[in-house]
Amino acid sequence: MGLERWSTAQVEALAPDASSLRNARGVTSQITSSGRIDDIVWGVCRGYQVAADLAGPAFTCSCPSRKIPCKHVLALLLRWSSDGVSDRAAPLFVTAWQTARARPARSGPPDPVAAAKRAQDRAERVAGGMAELRRWLDDQVSQGLASFARNGRQAFESMAARLVDAQAPGAASAVRRLAGVAGAGPHWADRVLGELALLRLLVDGHARLAELDPALAATVRSRIGFPTATDDVLAGPRLTDRWQVLGQVEFDEGALTTRRTWLHGTGSDRFALVLAFAAPGQPLVSDLVPGTEFRGDLCFYPGSAPLRALVADRASAAEPFGSPSGAGSIKAALSRWAGLLSTEPFRYDGPMLLSGVRFGEGCLVDEEGSALPLAPGHREPWWLLAAAGGRPADVAAEWSPAGLRPLAAWAGGDFVVAGGPVPDPGARGEPELPAELLAAALVGTARRPWAGESVAAGSLRISLGAPAELLEAAAVALVSRRAGVEPVAGRQPVSAAPEEVVPALPGAASLRLARILAGGAPGGGHLEQELLTQWLDAAAARGGLVRPALLPALLDAGRRNTTIRGSLAQVAGARGVWLAGQRGDWRWLLDEAVPGSLPLSGVGDEWRTGTGSVRLNLLVTLRRASPDRARELLESTWDQESSDDRARFLQTFGTGLSLRDEPLLERALDDRRKEVRESALDLLRGLPGAALGVRMAARAQAAVRWDGYRLTVEPPEEIDTGLRRDGVSAAPPRGVGAGAWLLEEVVAGTPLDTWTGLDAAGWVGVARGHDWVNPLLHGWAKAAISRRDPVWAAALLASDAAALRESVRWDLHLVLPAGQLARLAAEALRTEDGAAHRLLSLHPGPWPDRLAVAVLETVAARARTDRHTWQLGELCRTAALAMPPDYADLAGRLAAELDQSVDPSRVRPVADLARTLTFRHEMLQELQ
């Protein structure tokens, strides 16, 4: 029977960190042979012997890496998940490893007498520890909790250490937790008394172990810390069902990382909790993937409310499922929670599977109007709002007295993993215990005897005086309150987002975007940002909307990087605008006008009553459809607009600009706000026939004259009001005289078609050697840059580039046609010009073949000859973003060839180049 292939997501979940996964993708192409034998997939990657036993899973590799699994194992599994492996015979190292794994550990027959003696010794030690814990608990309540926080951590550590010595680690952990609670927050005494009460309940349970129901006795033993062997669990009853993996949550507890995975049986309606543990620096095995289901057997640990389980056997491969079975109302979930607490009063949290809930005011609200509060850190679930758009969704969560902690949701046919918790300093809990109990505990029963009636706690009740009775009453009150919680009423869910009219992008493209946003793209943070930009530009050009669940991460990326906002707005859709309107730091999206998103009817009312972002959007739309109507609207309210809005609104006039806009722009030149004047100047300088250009041309012709033989230059003597109004600055840069600066500014503001009689190269030629050559060249260069004139830019760079200031010179390169810039860069590479790399970085890509080949040749030469690798790395990173993706195969072959002859540090940048090109190629294919 053939192996069921894992999905790529299952393989990626095994990675110990993001860098291992990135490195694995880089060496996938370097697997020279591979195959399978039974449940073992094997291969040879870069000479290392690699194998993975999928039944474990377990891994082996001959490389020196300490990571488990290493990049070579991940690369093998990625190859197997995507392309499969051959059926060739396994080499000796595979069969030897398989035999070693199958060989049972040598051990002698168990000694029942010694085992019984060890069990008896441990029972006696635990009994002594629990008796001491009983006295310690009574002492705390007798002396009063008011001084509890002042005792310091040592007071708890000494008791916890005694319990560890008594082999009661579960009780020791509970005592240690008190150290972090005491004195922390406004309700610390309430939480401390509750923990002490449950510990006293545990002590009483241990004292009555022989009288308890076996299931409840197993729970008490488990809470104290008696271990249950895995073999004993697996030898117990099995529950066969189709198990849906609902979600996971991880806790880093310093000495241990714990992963909790919740499952639900579709036939049995049973929840199951699978725990996984890892030491610091070690990965957690991820064989249970949320959002998938499998048919198999589970074995549950013994207990009064058995939830923890082990996967004993799998009868089918894991595959995605559309929606969870067994989801119900909030009232039904609370009833189930109450039943859980009635059988296991020590439990703090439990699973919930809610059907058709919506978000509203820090709660989840179901269709009956019942609501449950969300836990601190999860009270604003933007991931759920984005995925569901305010519509009903099925949600898997953990419920505790702190509130709901969502794990995942099923919305609109998609499975969405919950976002992580965020800092929530405003969260305030409520006390769970009666005030009279707290008052007595704070003062201490030695000073103020507990006068309340003893409250029975079922079979666990033992009364040993006032402290015990107070703790007993607190335990009953605490469990009763937790089990009797009622749903919140009167909470209204948020209004639903508008329906989308634009189709979604292909699913593969959205998965690629998720990978980029999660840091899974090759090349590190810098390349990830550039790849995100390229993805968004390609998606905007194609048309379509991103998967809604990705919107929060995408909006955060746009908040940090303003250059991607335009393309992002085109793929965010109505859901993105709806989401951005509910959070302040995302409202930038409302200012990114999407043409056609507003109707043209009733624009007058919309202009008068709309918000700033709506009016900006309206102007953009109108400038495309009716530029004159847009100008008339702005003119009608120009005097009432704020200076910020005037500057923003004028920036929309670049579309449909005409001489009919000139009166308003001339009016803006007299504005008191600098930003408004600069916006108007930028527009007027690009408007053919504008009066500004005529005025500047007259000044330039008066200052610079060519009679066919001689160039005469007489710069303006001083700056007057007219020059200031037309944008000439009075502050020259350091090292430039006032007259030269005025001449440069006048020439820069003059339309280039003013310079007749000679072509661009001719004017540059007659200026060469003249006393005023520098201001003339810089003025023409600025004019060429502002008007995007490639003829003048080429003429200036071809003759007197060295005479130009560096900033001006490089801005001129940006005006050149892509082909000409590529030619300059290729020539610089082949002549080893130091400016080659900067020329390459200016080319937006994709590079023409001539330049791509020159770069690849340079990469090969530098990898073999350069002493330092940083230049090679910089060149490869630049090429990764601008070289045509079709060169991925050539780059991969070069990396494989270099791997046989040069140091690995020189191969790595080339392999990264090949991997990034492959990534871009697949990315663009998915968007076609």
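Everything discussed here concerns the structure shown above.
Summarised in this report is the structure supplied together with it. Keep in mind that what you see is a predicted model, and the values were worked out from it rather than measured. (Residues numbered from 1 in each chain as written. Predicted model: local features only at pLDDT ≥ 70, side-chain atom pairs only at ≥ 80, totals over all residues. Heavy atoms only, no water.)

### A look at the sheet that holds strand β3 (residues 48–53)
Then, in step 1: Ordered in space as β1-β2-β3-β4, the four strands form an open sheet in which the pairing is antiparallel. Looking at strand neighbours, the two that pair on one side only are β1 (31–37) and β4 (58–61), the edges of this open sheet. Ignoring strand direction, the axes of neighbouring strands in this sheet form an average angle of 10°.
Then, in step 2: Across six bridges, β1 lies against strand β2 (residues 40–45) in antiparallel orientation. Bridge pairing links Ile 31 to Cys 45 in β2.
Then, in step 3: Against the sheet, helix α3 (residues 71–83) contacts β1, β2, β3 and β4, and its axis sits at roughly 60° relative to β3. (Pairing = 2+ DSSP bridges. Helix = DSSP H or I, 4+ residues; strand = E, 2+ residues; numbered from the N terminus. Axes fitted to C-alpha atoms, helices over the stretch in contact; angles between N-to-C directions. Contact = heavy atoms within 4.5 Å.)

### Overview of the pattern of salt bridges
Then, in step 1: With the rule as written, the count across this model stands at 58 salt bridges.
Then, in step 2: Salt-bridge contacts for Arg 347 lead to Glu 344; the nearest nitrogen and oxygen are separated by 3.8 Å. Summarising the burial analysis for this pair, Arg 347 and Glu 344 share the class buried.
Then, in step 3: Notably, a salt bridge pairs Glu 744 with Lys 782, separated by 2.7 Å at the nearest N-O pair. Separated by 38 residues along the polypeptide, Glu 744 in helix α27 (residues 738–748) and Lys 782 in helix α29 (residues 773–786) bring together distant segments of the chain.
Then, in step 4: Overall, Glu 744 belongs to the buried group, its relative accessible area being 2%.
Then, in step 5: Residue class for Lys 782 comes out partly exposed when judged on its relative accessible area of 22%.
Then, in step 6: Through salt bridges with shared partners, a single network forms among Arg 223, Arg 260, Glu 344, Arg 347, Asp 349, Glu 398 and Arg 405. (Salt bridge = Lys/Arg side-chain N within 4 Å of Asp/Glu carboxyl O. Buried < 20%, exposed > 50% of the residue type's maximum accessible area, 1.4 Å probe, protein only.)

### Here we look at the environment of Gln 120
Then, in step 1: Relative to the assigned elements, Gln 120 resides in helix α5 (residues 112–143).
Then, in step 2: With 271 residues separating them in the primary sequence, Gln 120 and Arg 391 have C-alpha atoms 59 Å apart.

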